[in-house]
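Survey of secondary and tertiary structure
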Amino acid sequence: MLALPMLPDRLRPLLRAALKYATDARLKTRVATLVASRGFVLHPMDWMPATSYQESPDVYAPWVDWQAGADSEKRSRREHLTAESWDDFYPAARRTALVDLRRTMPALARTLIETKGASEPAEVRLALIELLRFGLGADDVPFLKSLSADRSGKVREMAGRLLARLGERADSTDGGSDDPTAELAAFIEEGKSGFIRRRATYAPIKLKSPAQQARRADLFASCYFGDLVARFGKTESDFIGAWQFGIDDGADLFLVRMVSVSGGDAAVACSADLLVAAGGKLALLVLQLMLRLDSGRKRVLIRQILNDAQNLAALNLVEGAEAGWLEWADLANGRTLSALRSAVCGDNDVMKRNAEQYLEAIGFLANPVTAEKLIGEVVAAGLPPASPSLGLLRLNAALAGNPSQSDR
C-alpha cells in the first residue's frame, strides 16, 4: 500500500498521454514526480518504477521492494527503522527511512549504518555510507575516519571525500615528486591582478600534450579540493573567487567537479553563485553541482537558463529539481517565451522538435497557472492543440487543485 491516494480516474487519460510522450524511465519518473508533488501516485496499470531504477519518488519504495520479491509479511516503511527492525525493511524502504532519519536524527541514522552496515557486502556498505551526505556534519568525522580501515577501496574513497567536504585534510605527504596534490598544483599558475590592491589569481597553465591533459584530468578527479587550496595558502572560497574561468574549458569543468565531490558547502555555494553571475556557458557548469545545491540556488540556475534562452537543452540535464514552482513571470520576462513562439511557428523542423522537448521540461517545472498560460501561448503561435508535447503541461494544469508540496 502506497502512502498517497491514486490519481483520480478522470485524470488518467491525461496521465497516459504524458507518459506516452515521455520516452524513457527518467522522463516517466519525472511525470510520476510531478504527480506525487500534487499528492497522488500512479495507477499500477499506467506505470510503476522498475526495481533497477533508483531515482523514483520515495513514495514508491514499498512498490519497488514488492517488485524485488518482498512478501506481504514484511513491515512497511511507516514503521520505525531500528537495529531490531533493520532486517524487516527491504532495501528501498530502508534507504528511504535512513534518508528521513539523516534529515531529522542524523546521529541515530549514523549509528544504524555503523552497527548494521558493517556486516553488509561492499556494494551495500558503499550505498549506506553514501547516505551520510544527507545531514553531513562534524559529528560524523570519527566514524568516517574509522572507515580508513574498511576492506573496500570504494568505501574508503567515499569516506575520504565526505571527510574532505567537512574540511578534514587527507594530504599528509611532503610535497615531493610522488605527491599527487603537489603535481596537480604544478598545473596551476599563481598570478596577481589589480594596480593598487594586488590580488592573487589562479589559472590553468597551457598544456603541451594530450598526455598532460589526461594526467591533469586524473589528478583533478583523484585529489581533494581542500588539499589543493591548502597548497596555495587560501580558503576554498577565496581560491574559487580567484580562479580565472574561461581560459581552459576542460580545467574549469574538472575544477567544478572537484568542488562538487570534495569541496565544503561554502565552496559549493560560492562556485554556484559566481558561475550563475557569469552567465552563458559558465553558468551551465553549475549543473555539476546540482546534488549539493539547496532548492533556492537550483531555481536561480533554472531561471538563468530560461532568461537567456541560449541553452534550453540544459533543462533536461538539471538533477534533483523540484516540480511545479515555475511562475509565469519567469517565462514572460525572459527570452524563452519568444523563442518558443518563434520555433513553433517557423519552418525549421529541428527547432520545432527541440521546442517540443523544452515544453515537456517546462511542463514539469511550471506551476498550474504557468502551464495553462503556456499552452495558450504556443497554440496561438501555431502548435497544434493536439500535439503530444503538450501532454505534461495539460496534466500539470489539470492538477491545479493540488499545489506542489514544496509550496504548501
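Please refer to the structure higher up on the page.
Attention here is on the structure that accompanies the text. These numbers were taken from a predicted model, which means no experiment stands behind them.

What counts and how
- The residue numbers shown here count from 1 along each chain, following its written sequence.
- The predicted nature of this model means local features are confined to residues of pLDDT at least 70 and side-chain atom pairs, given and counted, to a pLDDT of 80 or more, with totals for whole chains, interfaces and linings taken over all residues.
- Note that the side-chain values use all heavy atoms of the structure and ignore hydrogens as well as water.
- Only DSSP runs of H or I covering at least 4 residues are called helices, and only runs of E covering at least 2 are called strands; the numbering of each starts at the N terminus.
- As a reference, a globule follows 2.2 Å times the number of residues to the power 0.38, and the radius of gyration itself is taken over C-alpha atoms.
- We call a residue buried when its accessible area falls under 20% of the maximum for its residue type, exposed when it is over 50%, and partly exposed in between, using a 1.4 Å probe and counting protein chains only.
- By definition, residues are in contact when any of their heavy atoms lie within 4.5 Å.
- Only the protein chains shown count as covering a residue, and every accessible area follows the Shrake-Rupley method with a 1.4 Å probe.
- Lys and Arg are tallied as positive, Asp and Glu as negative. Neither His nor the chain termini are counted.
- Lys charges are placed at NZ, Arg charges at CZ, Asp charges at CG and Glu charges at CD.
- Given a helix with a known number of residues, its expected span is that number minus one, times 1.5 Å.
- Here a polar contact means two N or O atoms within 3.5 Å. Within protein one must be a hydrogen donor candidate and the other an acceptor candidate, and residues neighboring in sequence count only if both atoms are side-chain atoms.
- Lines are fitted to the C-alpha atoms to define the axes, a helix being fitted only along its stretch in contact, and any angle between axes, read from their N-to-C directions, falls within 0 to 180 degrees.
- Working rule for angles: under 35 degrees goes down as roughly parallel, over 145 as roughly antiparallel, 65 to 115 as roughly perpendicular, anything else as oblique.
- By convention, the crossing between two helices is left-handed when the near helix turns anticlockwise from the far helix through less than a right angle, and right-handed when the turn is clockwise.
- Each residue gets one label: Ala, Val, Leu, Ile, Met, Phe, Trp, Tyr, Cys and Pro are nonpolar, Asp, Glu, Lys and Arg are charged, and the others, such as Gly, are polar.
- Each Phe, Tyr or Trp ring (for Trp, its six-membered ring) is paired with any other whose centre lies within 6.5 Å, and the angle between the two planes then decides the class: stacked below 30 degrees, edge-to-face above 60, tilted in between.
- Whenever a carboxyl oxygen of Asp or Glu lies within 4 Å of a side-chain nitrogen of Lys or Arg, that contact is scored as a salt bridge.

**Quick word on the overall build of the chain**
- Counting secondary structure elements, the chain contains 21 helices and two strands.
- Over its C-alpha atoms the chain spans a radius of gyration of 24 Å, differing by no more than 12% from the 22 Å that the globule rule assigns to 408 residues.
- In terms of overall dimensions, the chain has a C-alpha envelope of 70 × 60 × 35 Å along the principal axes.
- Of all 408 residues assigned to the chain, the portion counted as buried reaches 48%.
- Within the chain, counting contacts between residues at least 6 apart in sequence, those at least 24 apart form 66% of the total.
- Accessible surface for the chain amounts to roughly 20000 Å². Of this, 52% is attributable to carbon and sulfur atoms.
- Each charge class in the chain was averaged separately, 51 positive and 51 negative side chains, and the resulting centres sit 3 Å apart.

**Concerning the side chain of threonine 370**
- Among the structural elements, threonine 370 can be located in helix α20 (residues 368-381).
- In this structure threonine 370 touches Leu326, Glu327, Trp328 and Leu331, once residues within four positions along its chain are discounted.

**Quick notes on helix α8 (residues 153-165)**
- Over its 13 residues, α8 runs 19 Å from end to end, which matches the ideal 18 Å to within 8%, given 1.5 Å per residue.
- Listed in full, the buried residues belonging to α8 are Val155, Ala159, Gly160, Arg161, Leu162, Leu163, Ala164 and Arg165.
- On its buried side, α8 packs onto α6 (122-130), α7 (141-146), α10 (210-222), α13 (249-262) and α14 (265-278).
- A side-chain oxygen of the first residue of α8 lies 3.3 Å from the backbone nitrogen of lysine 154; this N-cap is serine 152.
- Once α8 finishes, glycine 167 follows within two positions and takes phi at roughly 90°, a positive value.

**Section: the environment of aspartate 87**
- Its location among the elements puts aspartate 87 in the loop between α3 (61-67) and α4 (91-104).
- Distance from aspartate 87 to lysine 116, taken between C-alpha atoms, is 9.4 Å for residues 29 residues apart in sequence.

**Side note on helix α19 (residues 349-365)**
- The end-to-end C-alpha distance of α19 is 25 Å, a good match for the 24 Å that 17 residues give at a rise of 1.5 Å each.
- Among the residues of α19, those classed as buried are Ala355, Tyr358, Leu359, Glu360, Ala361, Ile362, Gly363, Phe364 and Leu365.
- Near the N-terminus of α19, the side chain that reaches the backbone nitrogen of valine 350, with its oxygen 3.0 Å away, is that of asparagine 348.

**Topic: the packing of α14 against helix α16 (residues 295-308)**
- Between α14 and α16, the shortest axis-to-axis distance is 11 Å and the interhelical angle comes to 15°. When the interaxial angle is binned, α14 and α16 end up roughly parallel. Between α14 and α16 lies a crossing of left-handed hand. Where α14 abuts α16, its residues Ala269, Ala272, Asp273 and Val276 lie against Arg297, Val300, Leu301 and Gln304.
- Taken together, the residues that form the contact of α14 with α16 break down as five nonpolar, one polar and two charged.

**Things to note about the environment of threonine 370**
- When its relative accessible area of 1% is taken as the criterion, threonine 370 is described as buried.
- Separated by 164 residues in the primary sequence, threonine 370 and lysine 206 have C-alpha atoms spaced 47 Å apart.
- One polar contact links threonine 370 to asparagine 367, side chain to side chain, over a distance of 2.7 Å.

**Points about the packing of aromatic side chains**
- Scanning the model with the defined rule gives six aromatic pairs in all.
- Each ring, one from phenylalanine 232 and one from phenylalanine 239, has its centre 5.6 Å from the other, and the planes form 35°; the classification is tilted. Across this residue pair, the class does not change: phenylalanine 232 and phenylalanine 239 are buried.
- Three or more aromatic residues joined by ring pairs form one cluster here, namely Tyr202, Phe225, Phe232, Phe239 and Trp243.

**Topic: unusual backbone geometry**
- Not every positive phi belongs to a glycine, and alanine 309 is a case in point at roughly 55°.
- Relative to the elements of secondary structure, alanine 309 occurs in the loop between α16 and α17 (328-332).
- Look at alanine 309 and you get buried, because its relative accessible area is 17%.

**Focus on the side chain of serine 262**
- For serine 262, the location among the structural elements is in helix α13.
- Polar side-chain contacts of serine 262 include one of 2.9 Å to the backbone nitrogen of phenylalanine 225.
- If we ignore the near neighbours within four places in the chain, the residues touching serine 262 are Arg161, Ala164, Arg165, Cys223, Tyr224, Phe225 and Glu236.

**Some points on the pattern of salt bridges**
- For the structure on display, the rule yields 22 salt bridges.
- For the salt bridge of aspartate 248 with arginine 216, the shortest nitrogen-to-oxygen distance reads 3.2 Å. Here aspartate 248 is found in the loop between α12 (236-242) and α13, whereas its partner arginine 216 is found in helix α10, with 32 residues between them in sequence.
- Take aspartate 248: its relative accessible area is 21%, and that puts it in the partly exposed class.
- Given a relative accessible area of 4%, arginine 216 falls into the buried group.
- Taken together, the salt bridges that share partners define one network made up of Asp9, Arg12, Arg16 and Asp46.

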